[in-house]
Amino acid sequence: MRHTYKILAVAMLFGAAAAPLPTHAATGDATQAVFPPSVLAFDQKATDGKVKIDYAHMPKAGYVAIYAADKNGKPTGKPLGYSKIKAGDHRQLTISLNEQPKSGDALWISLYKDADNDPSFNPGEGDKAVWSKSEMPAESKIMVK
């Protein structure tokens, strides 16, 4: 009798695990609910005027922009380079820069929503930053070796 309860408990446990789980499809924007905008890059060598982004995710189309850091370590106003990205996951992106950073320079990576549907990048005017400059996550800052 004791073995019957154990088998029944195990069967109930696996039966509950096999039951369908609720999805976010009913919200109409499952990606937004599950995966917020995010970016990941590692410190890299100053060699060819490019920055390699290991991973970026945008729930909707937007831009990845690279900024230099000022003497206080905060992002500067004009991006050194950017790239338009579609909604979804992106791996091994390469962003060309307008100027070559030096060894020891800090760079900031920021994500922007394509708020104006204009094919050109207009930071702060038509395209809106995902994070404000005062709220940028530390993970978006890289150092040039």
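Notes on the structure in this doc start here. Please read these numbers as outputs of a predicted model, since none were measured by experiment.

## So, the pattern of salt bridges
Reasoning step 1: Under the definition given, this model contains one salt bridge.
Reasoning step 2: Where Lys84 meets Asp114, a salt bridge forms, and the shortest distance between an N and an O atom there is 2.7 Å. Taken together, the residues Lys84 in strand S4 (residues 81–85) and Asp114 in the loop between strand S6 (106–113) and strand S7 (128–129) connect sequence positions 30 residues apart.
Reasoning step 3: Of the residues examined, Lys84 reaches a relative accessible area of 42% and is grouped as partly exposed.
Reasoning step 4: The buried category is assigned to Asp114, whose relative accessible area is 15%.

## Structural notes on the nonpolar core
Reasoning step 1: Core analysis: the biggest nonpolar cluster contains 19 residues, and Val39, Val51, Ile53, Val64, Ile66, Leu107 and Ile109 have the highest contact counts within it.
Reasoning step 2: Contributions of two or more residues to this core are made by strand S2 (50–58), strand S3 (62–68), strand S5 (88–96) and S6.
Reasoning step 3: In this structure, Ala65, Tyr67, Trp108 and Tyr112 belong to the second largest nonpolar core, which totals six residues.

Reading the values: rules and limits
Residues numbered from 1 in each chain as written. Predicted model: local features only at pLDDT ≥ 70, side-chain atom pairs only at ≥ 80, totals over all residues. Heavy atoms only, no water. Salt bridge = Lys/Arg side-chain N within 4 Å of Asp/Glu carboxyl O. Helix = DSSP H or I, 4+ residues; strand = E, 2+ residues; numbered from the N terminus. Buried < 20%, exposed > 50% of the residue type's maximum accessible area, 1.4 Å probe, protein only. Core = buried A, V, L, I, M, F, W, Y, C linked by side-chain atoms within 4.5 Å.

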